Amino acid sequence: MKKTLLLFLTVFVGATMAFAQVPPYFNSNTSTGANAIPMSPSAATFEKSQLLYSPGSFPSSYFGLIDTIWVRPSAATTGMGPYTNFEVSMGQNVGTDLVHTSTTFNTGLTSVLFSAAYTTLPSGSTPDRWIPIPLATSFLYNPALTLIIEIKSQGFTGSTTKSCYVGSVAGKARYSSYAAVTGTIGTQYLDMGISLASNLSCATPTAPVISGITQTTASFNWTDTNNPAGGWDVEYGALGFTPGAIPSNGIRINTLTKPYTITGLIQNSTFDVYVRARCGANDTSYFTPLTRFTTLAQCPFPSNLTATNITNSSADLNWTENGVATNWGIEIGLQGFVPTGNPTVTTTTKPYTFSGLPNLFTFDYYVRAICGPGDTSAQIGPYTFTVCQALSGNFTIDSTLASGGTNFQSFTEANAILQSCGVGGPVVFSVLNAVNNEQVTLTSVMGMSATNTVTFNGHG
């Protein structure tokens, strides 16, 4: 079971409680400028603020639940407020934006605190004087993504201090009236802190450390003090994916052992990976901080295999070279064959004309790039094609004879060739020595006309 522990250092002066604690994670603790945004809505212009904190804004923070935000008033206060319809919302739907690029407010944020009449806790008298604002609902935070914090209220009463310390960074704030759709982009970069909920019963492992990378694999390890009964959930995905999302936009694998190796990756691609401990039923840690890696591309594999200019004995085989290789290995066999990895032929030209193939047979082929001695890519395929020219003449359908040449073992097989090759003249199929119980649909055949007819003759 996850437990949340909020630690606030308190000192008592008479009956007044004051906070002198510095938040665990904050973007700045030294700004000297003070601004009405976002805690002093003295005019409608300042009622709503959306503050942007890009990745790296809260050093050493990790993937977890934000349960408290912190602001730093510009003067000691016994409590800022009361505010009318005070609300805090958060969102991470802007990728890794560094600044606001549009005057339109972000929508779809998650409301994490609302109060019709809200007054903050008092501040301390030290220069830090941070004030925590505990959230009613914790927010799942990914430090690899930009965080939007929206703070808004419809005015306040009283005269206690409501300005907060801000730095000056262009594009970090957007502000306007309470229900505005668009606003003004400003330079106010509010000193902001966050607290992440502690998970006492199932500690978060350390971030994965990569120990080996190939074109399609990555091996890594991590440290865990739990010795979890349920092992670990390894979750990985494309650059910038959000772990734990429902439905997940990454791939999650449970493992009882570590180190762990991810396989089947795409070469020369960047991935993010996270790990969490699974201590028991419905008892998991938070995900570790992000680890990012890029797979190797020492010898990129080809792609986009094709077969063109097909005749009754040859085909031009071609592919896209994704690196600088000038040698390739081709392995070819009848459809469905199991490739050995040993090329049937090597070539320095593409497209490559493979000749001497028997007519009316279907083949698979695979290709690998040869970048140098001992340096070859993965073998890619199969690409399937049928060797044939447009049919013309007499053929048989005889299930007692092998397929090939002018014989087909079934109507299904004959129809498949018709659909693949078409006709170039009159075609007659004689049905011999066969017991056929098939249901075949003959559709339009390429080249068929009043002259180029297709006839099936039964011989009983």
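Thresholds, definitions, all that
- Per chain, the residues get numbers from 1 upward, laid out in the order the sequence is written.
- Given that the model is predicted, a residue must reach a pLDDT of at least 70 before its local features are reported, and side-chain atom pairs must reach 80 or more before they are shown or counted; all residues, however, enter totals for whole chains, interfaces and linings.
- Hydrogens and waters are ignored; side-chain quantities use all the structure's heavy atoms.
- Each residue gets one of three labels from its accessible area relative to the maximum for its type: buried under 20%, exposed over 50%, partly exposed in between, using a 1.4 Å probe on protein chains only.
- The way it works is that DSSP assigns letters per residue, a run of H or I at least four long becomes a helix, a run of E at least two long becomes a strand, and they are numbered from the N terminus.
- What the arc describes is the spread of directions from the helix axis to the C-beta atoms.
- A contact between two residues is defined here by any heavy atoms of the two lying within 4.5 Å.
- Ring geometry is summarised as follows: Phe, Tyr and Trp rings, the Trp one being its six-membered ring, pair when their centres sit within 6.5 Å, and such pairs are stacked at plane angles under 30 degrees, edge-to-face over 60 and tilted between the two.
- We count a charge as sitting over a ring when the NZ of a lysine or the CZ of an arginine lies within 6 Å of the ring centre and within 35 degrees of the ring normal.
- Here the rule is simple: two strands pair whenever DSSP picks up at least two bridges between them.
- Scored from 0 to 100, pLDDT records how confident the predictor is in each individual residue.
- Here an axis means a line fitted to C-alpha atoms, over the contact stretch when the element is a helix, while the angle between two N-to-C directions is reported on a 0 to 180 degree scale.
- Throughout, nonpolar core names a set of buried Ala, Val, Leu, Ile, Met, Phe, Trp, Tyr and Cys residues whose side chains join them through atoms within 4.5 Å.
- When two cysteine sulfur atoms lie within 2.5 Å, the pair is treated as a disulfide.

J.: A description of helix H1 (residues 411-421) should follow, citing residues and the corresponding values.
T.: Residues Ala-414, Asn-415, Ile-417, Leu-418 and Cys-421 constitute the buried set of H1. Take H1 and look down its axis: the buried residues cluster within an arc of 160°, on one side only. Residues of H1 that are buried make contact with strand E29 (380-387), strand E30 (391-397), strand E31 (407-408), strand E32 (423-431) and strand E33 (454-458). Once H1 finishes, Gly-422 follows within two positions and takes phi at roughly 75°, a positive value.

J.: So, the packing of aromatic side chains: which residues are in play, and what are the values?
T.: For any two aromatic rings, the description comes down to two numbers: the centre-to-centre distance and the angle of the planes. Applying the stated criterion across every chain, the model contains 25 aromatic pairs. Summarising the aromatic geometry, the rings of Phe-58 and Tyr-141 are spaced 6.4 Å apart at their centres and angled 75° between planes, so their arrangement reads as edge-to-face. With Phe-58 in the loop between strand E5 (48-53) and strand E6 (64-71) and Tyr-141 in strand E9 (residues 131-141), the pair connects residues that are 83 residues apart, well separated along the chain. By the ring-pair criterion, three or more aromatic residues cluster together here, those being Phe-395, Phe-408, Phe-411, Phe-429 and Phe-456. For the cation-ring pair, Arg-72 lies above Trp-130, with the distance from its terminal atom to the ring centre recorded as 6.0 Å.

J.: If you had to explain the sheet that holds E33 to someone new, which residues and values would you point to?
T.: If you trace the four strands from one edge of the open sheet to the other, you get E31-E30-E32-E33, paired in parallel fashion. Unpaired on one side and paired on the other, E31 and E33 mark the two borders of the sheet. Taken together, the six bridges between E30 and E32 define a ladder with parallel strand orientation. Bridged to Ile-397 within E32 is Val-431.

J.: I'd like a description of the confidence of the model for the chain, backed by residues and values.
T.: For the chain, per-residue confidence averages 85 on the pLDDT scale, and 90% of positions sit at 70 or higher. In the predicted structure, residues 1-20 sits below a pLDDT of 50 and forms 46 contacts with residues beyond four places in sequence or in another chain.

J.: How would you sum up the pairing of E6? Please name residues and give values.
T.: Most of E6 sits inside the fold, with seven of its eight residues counted as buried. Across seven bridges, the pairing between E6 and E9 is antiparallel. By the bridge assignment for E9, Ile-69 is matched with Ile-133. Bridge analysis of E6 against strand E13 (residues 192-196) gives five bridges, and the strand direction is antiparallel. In the strand pairing of E13, Thr-68 is matched with Ser-195.

J.: Before we move on, can you summarise the pairing of strand E10 (residues 147-152) with the specific residues and values?
T.: For E10, the buried fraction is high: six of the six residues fall into the buried class. Across the two faces of E10 the burial is the same, with Leu-147, Ile-149 and Ile-151 and Ile-148, Glu-150 and Lys-152 all buried. Relative to E10, E5 runs antiparallel, the two sharing six bridges. Counted as the bridge partner of Leu-52 is Ile-148 from E10.

J.: A description of the sheet that holds strand E23 (residues 315-320) should follow, citing residues and the corresponding values.
T.: Sheet strands pair by backbone hydrogen bonding; their relative direction is either parallel or antiparallel. Taken together, the three strands give an open sheet; going across it, the order is E22-E23-E26, and neighbouring strands pair in antiparallel fashion. The open sheet terminates on both sides in strands that have one partner only, identified here as strand E22 (303-308) and strand E26 (352-354). Across the sheet, the mean angle separating the axes of adjacent strands is 25° when strand polarity is ignored. The sheet contact formed by E22 and E23 spans four bridges and is antiparallel. Looking at the pairing, Thr-308 lines up with Asp-316 of E23.

J.: Lay out the nonpolar core with the relevant residues and their values.
T.: The biggest cluster of nonpolar side chains holds 34 residues, and the ones touching the most others in it are Ile-66, Ile-69, Phe-86, Val-88, Met-90, Ile-151 and Met-192. In terms of residue count, E9 provides more of this core than any other element does, five residues in total.

J.: Describe in detail the state of the cysteines, supporting the description with residues and values.
T.: Inspection of the entire model under this criterion finds two disulfides. Across the disulfide, Cys-299 is cross-linked to Cys-371 (sulfur-sulfur distance 2.0 Å). Handedness here is read from the sign of the S-S torsion; for Cys-299 and Cys-371, about 90°, the answer is right-handed. Highlighted residues: Cys-299 in the loop between strand E21 (291-294) and E22 and Cys-371 in strand E27 (residues 361-372), separated in sequence by 72 residues. Cys-371 gets classed as partly exposed once you look at its relative accessible area, which sits at 32%. In this model, Cys-388 is linked to Cys-421 through a disulfide, with the two sulfur atoms separated by 1.7 Å. The chirality of the disulfide connecting Cys-388 with Cys-421 is left-handed, given an S-S dihedral of about -105°. A residue pair is termed long-range when its members are at least 10 positions apart, and Cys-388 in the loop between E29 and E30 and Cys-421 in helix H1 qualify at 33 residues. In this structure, Cys-388 and Cys-421 share a single accessibility class: buried.

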